[in-house]
Amino acid sequence: QVELVESGGGLVQPGGSLRLSCAASGFTFKNYAMYWYRQAPGKERELVATISTSGYTSYADSVKGRFTIARDNSKNTVYLQMNSLQFADTGVYYCKAAFYIYWGQGTQVTVSS
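Residues numbered from 1 in each chain as written. Predicted model: local features only at pLDDT ≥ 70, side-chain atom pairs only at ≥ 80, totals over all residues. Heavy atoms only, no water.

Caption draft 1: Focus on the sheet that holds strand 9 (residues 91–97). Overall, mixed pairing links the six strands, which are arranged 2-10-9-4-5-6 in an open sheet. Looking along the sheet, the strands with just one partner apiece sit at the ends: strand 2 (10–12) and strand 6 (57–59). This sheet shows a mean twist of 25° between the axes of neighbouring strands, independent of strand direction. Sheet analysis places strand 4 (residues 34–39) next to strand 5 (residues 46–51), joined by five bridges and oriented antiparallel. Each bridged residue has a counterpart across the sheet, and for Tyr35 the counterpart in strand 5 is Thr50. (Pairing = 2+ DSSP bridges. Helix = DSSP H or I, 4+ residues; strand = E, 2+ residues; numbered from the N terminus. Axes fitted to C-alpha atoms, helices over the stretch in contact; angles between N-to-C directions.)

Next up, the structure:
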């Protein structure tokens, strides 16, 4: 079965950095685009980063220049490097495969001073 397990979240000060990881299993990872979403408290889930099967990346305007999505197909893992974190980056971060319609538990990122 498909499984996507996010990790790497935590509590960080404004201006700090975190690297999130998403370990994928149960499908041919390299054949699918991968995404990172987040959901802030009281807000709708939003797409923050995309990486295609060929490595093309795109980002929400709010995170451009600060976040970097990457994938390692040999490890079936997608990453989100988050720099210069801001209060507005607080939320639960989820990874998603292109075909997948379900959400996992995500990983909590809290930016707080």
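Moving on from the coordinates now.
Caption draft 2: Region of the structure containing the nonpolar core. Core analysis: the largest hydrophobic core is formed by 27 residues, its most contacted members being Leu4, Met34, Trp36, Val78, Leu80, Met82 and Tyr93. Elements supplying a minimum of two residues to this core: strand 3 (18–25), strand 4, strand 5, strand 7 (67–72), strand 8 (77–82), strand 9 and strand 10 (107–111). Per element, the largest residue contribution to this core is four residues, and it comes from strand 3. Among residues more than four places away in sequence, those in contact with Tyr93 are Glu6, Leu20, Trp36, Tyr37, Arg38, Phe67, Leu80, Met82, Gly106, Thr107 and Val109. (Core = buried A, V, L, I, M, F, W, Y, C linked by side-chain atoms within 4.5 Å. Buried < 20%, exposed > 50% of the residue type's maximum accessible area, 1.4 Å probe, protein only. Contact = heavy atoms within 4.5 Å.)

Caption draft 3: A look at the state of the cysteines. A complete count under the given rule lists one disulfide for this structure. Between Cys22 and Cys95 runs a disulfide, and the two sulfur atoms are separated by 1.8 Å. The disulfide joining Cys22 to Cys95 has a torsion of about 50° about its S-S bond and is therefore right-handed. Note that Cys22 is positioned in strand 3 and Cys95 in strand 9, a separation of 73 residues in sequence. Summarising the burial analysis for this pair, Cys22 and Cys95 share the class buried. (Disulfide = S-S within 2.5 Å.)

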